[in-house]
Amino acid sequence: MVEAFVRLLCPECGKDWEDDPSDLPGHRKNFTCSGCHATRRLAEFMRTERDLELVKQFD
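### Topic: the nonpolar core
As a rule of thumb, nonpolar side chains are buried together in soluble globular proteins.
No. 1: Ranked by size, the top nonpolar core spans 15 residues in total, and within it Leu 8, Trp 17, Leu 24, Phe 31, Leu 42 and Phe 45 carry the most contacts.
No. 2: Counting residues per element, the ones that place at least two in this core are β1 (6-9) and α1 (49-57).
No. 3: Counting residues per element, this core draws most heavily on α1, which supplies 3 residues.
No. 4: Residues within four places of Phe 31 in sequence aside, it is in contact with Leu 8, Trp 17, Leu 24, Pro 25, Ala 38, Thr 39, Arg 40, Leu 42 and Phe 45.

Right, here's the structure in full:
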């Protein structure tokens, strides 16, 4: 089994990290940065379109 990951980037504090898309909420749901506690739609944390497309597959 191939493991998938997406790259995230907080638009507020600039923290970047990787996460398993199956552990994340839907791309339209709110998500909170663990670094600065900014809350926005998960889609706004996606680093690239590829990351967003991968998360959409897990919705």
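### Points about the environment of Cys 13
No. 1: Tracing the backbone shows Cys 13 in the loop between β1 and β2 (16-19).
No. 2: Distance in space between the C-alpha atoms of Cys 13 and Cys 33 is 8.7 Å, their sequence separation being 20 residues.
No. 3: Dropping the residues within four chain positions of it, Cys 13 is found in contact with Cys 33 and Cys 36.

Rules and cut-offs
Residues numbered from 1 in each chain as written. Predicted model: local features only at pLDDT ≥ 70, side-chain atom pairs only at ≥ 80, totals over all residues. Heavy atoms only, no water. Core = buried A, V, L, I, M, F, W, Y, C linked by side-chain atoms within 4.5 Å. Buried < 20%, exposed > 50% of the residue type's maximum accessible area, 1.4 Å probe, protein only. Helix = DSSP H or I, 4+ residues; strand = E, 2+ residues; numbered from the N terminus. Contact = heavy atoms within 4.5 Å.

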